[in-house]
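# Fold and contact review
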Amino acid sequence: MTKWRTLVLATIGFNFSFLIWFSFAPFTGPMAEEFGLSVTEIGILASAAIWLAPFGRILTGWLSDRWGAPTVFAIVLAYVGVFSIASAFARSYAVFFVERLIVATAGITFVIGIQHVSEWFDEEELGTAEGIYAGVGNAGAAGGALILPRVFTDGWSGPLFESNWRAAFFYTGIVSILLAIVYYTVGEAAKTEQRRRATAESATLRQWLHTATRYGTVVLALAYVMSFGLELSMNGWLATYYREGFNTDNLVLASTFAATFSVAAGLLRPIGGYVSDLLARRETNILPIFTGRYREQWTFVSLCFIVVAMVGMTLAGLTGQVLLAVAAGFVVGMGCAFAEGAIFAQVPAMFPDSSGSVAGVVGGVGTVGGIVYPLVYAAPVMPTLHTGYAVVAATMLPIVALCAWVFQPHVAARATDDGFVAASEKPPRTPSDD
């Protein structure tokens, strides 16, 4: 069926986008040596990989509603491939830095795929389908950590390059361009022409401003900061952390340790979406204080899990046992996966006619965590490289508190109508509307 072909196509496209987005992470050691970078500067490079994502995701989410996902996805993959190839030949760090900033916009493809999948699947399957898409797609970061340093080893950089990381950037760029051609050729924008037209007609600036400021949009965006934003920060940082924090000089070993987090954060994400669908279908309450708000209950539990797991990450690191820290990182990745799956089960279910625009806001704002958190991990004021995780956990508490307010039944019932800028005059939504 075409909907499953769409899911496979979007998943492959996003998986590779994630791989190329974080293709720099396994090679931070050789790049630091060649360009003379400190640990703090590596942290800035990891943060910089996210700088353009917030605006890019917001824009491409709206463009996907307006123009259709296949066109937008193909454009992004094409220019990312071109700049990845260019970065393989950079001799100046300033030029290299700018080119990798542009390559890092590969991460904006997430919201394009979310919109594409939501145009083909019905509400009762959305959480699971989006979870599979995003979960397998996010695992591209693990693929990069596991595959790239093994294919492009110190002993093999190809006939064109003297550095293994330059070869990796060149050949991944070639694949990105090829995928762009396939996506544009094979992809179909929506299940029906009527659905495509309804989505396109809703993609106006006025409608975008309204949906972007609803309570539901804002709180899910902030929840995504502490889940997906956290995942981004760890994908770009953990290889460096395991190498520097535990004196692990082996590049492949440090990347493998880091990949365990990415595997958990990616491949377990479908569970988060599935549980959300399951609770909604069976109308099961797991938190009585949010009675009747089944998806919200699971999201809240997942967010609390992340906070506890991040404190555990610091405690594990302080023991000096690298394998214990790797296990703690896996648990953090599990929390990210559950929360992300839960959040993007809610997004298209709450906003069926503007899923791309809302996914763009949630996904775009969510990437801010990936910008800020690496700067905390690598901050010179931190007593050790292990301390930053607990500090980040403390910053998440206000977001959890805001979720607790919005997820209350009487607030959640109007979360798609009322907002921080203006309240709607529409009557409250009934459970059957959700």
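Refer to the structure above for everything that follows.
Along each chain, residues carry numbers from 1 onward, in the same order as the chain's sequence is written. Side-chain atom pairs in this predicted model are given and counted only at pLDDT of 80 or more, local residue features only at pLDDT of at least 70, and totals for whole chains, interfaces and linings cover all residues. No hydrogens and no water enter the side-chain calculation; it runs on all heavy atoms of the structure.

### Overview of the overall build of the protein
- Starting at the N terminus, helices and strands are each numbered in turn, a helix being any DSSP run of H or I of at least four residues and a strand any DSSP run of E of at least two. Helix and strand counts for the protein stand at 21 helices and 0 strands.
- In this setup the radius of gyration rests on C-alpha atoms only. A globule is expected at 2.2 Å times the number of residues raised to 0.38. For the protein, the C-alpha radius of gyration of 21 Å lies close to 22 Å, the compact-globule estimate for 434 residues.
- Along the longest, intermediate and shortest principal axes, the C-alpha atoms of the protein span 65 × 50 × 35 Å.
- Relative accessibility decides the category of a residue: with a 1.4 Å probe and only protein chains considered, values under 20% of the type maximum give buried, values over 50% give exposed, and everything between is partly exposed. In the protein, which comprises 434 residues, the proportion classed as buried is 61%.
- In what follows, a contact means two residues having at least one pair of non-hydrogen atoms within 4.5 Å. A sequence separation of at least 24 residues applies to 81% of the contacts in the protein between residues at least 6 apart.
- Throughout, the Shrake-Rupley method with a 1.4 Å probe supplies accessible areas, and for residues the shown protein chains are the sole cover considered. Carbon and sulfur atoms form 69% of the exposed surface of the protein, whose accessible area is close to 15900 Å².

### Comments concerning the pattern of salt bridges
- Salt bridges are defined by distance alone: a side-chain nitrogen of Lys or Arg within 4 Å of a carboxyl oxygen of Asp or Glu. Tallied over the full model, the rule gives 10 salt bridges.
- In this structure, Glu125 engages Lys3 in a salt bridge whose closest nitrogen and oxygen atoms are separated by 3.0 Å. Remark: Lys3 occurs in helix α1 (residues 2-21) and Glu125 occurs in helix α8 (residues 123-138); sequence separation between them is 122 residues.
- Residues Arg5 and Glu188 are paired through a salt bridge, measuring 2.5 Å at the closest nitrogen-oxygen approach. Taken together, the positions of Arg5 in helix α1 and Glu188 in the loop between α10 (164-186) and α11 (193-202) put the pair 183 residues apart, joining distant regions of the chain.
- When its relative accessible area of 38% is taken as the criterion, Arg5 is described as partly exposed.
- Given a relative accessible area of 37%, Glu188 falls into the partly exposed group.

### Details of the packing of helix α16 (residues 294-318) against helix α20 (residues 388-406)
- Axes, fitted as lines to C-alpha atoms, cover a helix only where it is in contact. Angles between the N-to-C directions of the axes lie from 0 to 180 degrees. In the contact formed by α16 and α20, the axes pass within 8 Å of each other and the chain directions differ by 165°. Classified by the interaxial angle, the pair formed by α16 and α20 is roughly antiparallel. The chirality of how α16 crosses α20 is left-handed. Residues Phe300, Leu303, Cys304, Ile306, Val307, Met310, Val311, Met313 and Thr314 of α16 form the contact with α20, whose participating residues are Tyr389, Ala390, Val392, Ala393, Met396, Leu397, Val400, Cys403 and Ala404.
- Ten residue types, Ala, Val, Leu, Ile, Met, Phe, Trp, Tyr, Cys and Pro, are classed as nonpolar, four, Asp, Glu, Lys and Arg, as charged, and the remainder, Gly among them, as polar. Here the residues of the contact of α16 with α20 are counted per class, giving 17 nonpolar, 1 polar and no charged. Any angle between 65 and 115 degrees counts as roughly perpendicular, while under 35 counts as roughly parallel, over 145 as roughly antiparallel, and the rest as oblique. Handedness of a helix crossing follows the sense of rotation of the near helix relative to the far helix, less than a right angle counterclockwise being left-handed and clockwise being right-handed.

### Some thoughts on the environment of Thr60
- Inspection of the secondary structure assignment puts Thr60 in helix α4 (residues 53-67).
- Through-space distance from the C-alpha of Thr60 to that of Val219 is 21 Å; in sequence the pair is 159 residues apart.
- Setting aside anything within four residues of it in sequence, one finds Thr60 in contact with Val72, Ile108, Val111 and Ile112.

### What to know about the nonpolar core
- Remark: nonpolar core denotes a set of buried residues (Ala, Val, Leu, Ile, Met, Phe, Trp, Tyr, Cys) joined through side-chain atoms within 4.5 Å. By size, the foremost hydrophobic cluster in this structure holds 127 residues, and its most contacted members are Trp21, Leu230, Met234, Tyr242 and Met310.
- It is helix α13 (residues 215-245) that provides the largest number of residues to this core, a total of 17 residues.

### A word on a nonpolar patch on the surface
- Each patch is assembled from residues with relative accessible area greater than 30% and no salt bridge, linking like charges that lie within 9 Å and nonpolar side chains (Val, Leu, Ile, Met, Phe, Trp, Tyr) that lie within 5 Å. A surface patch of nonpolar side chains, amounting to about 340 Å² of accessible area, comprises Ile44, Trp51, Leu52 and Leu375.
- Position of Ile44 among the secondary structure elements: in helix α3 (residues 39-48).

### Some thoughts on the packing of α13 against α20
- One way to put it is that α13 packs onto α20 with a least axis distance of 9 Å and a crossing angle of 160°. By the angle between their directions, the pair α13 and α20 is classed as roughly antiparallel. At the point where α13 passes α20, the crossing takes the left-handed sense. Contact residues: α13 offers Tyr215, Val219, Leu222, Ala223, Met226, Leu230, Met234, Trp237, Leu238 and Tyr241, while α20 offers Tyr389, Met396, Ile399, Val400, Leu402, Cys403, Trp405 and Val406.

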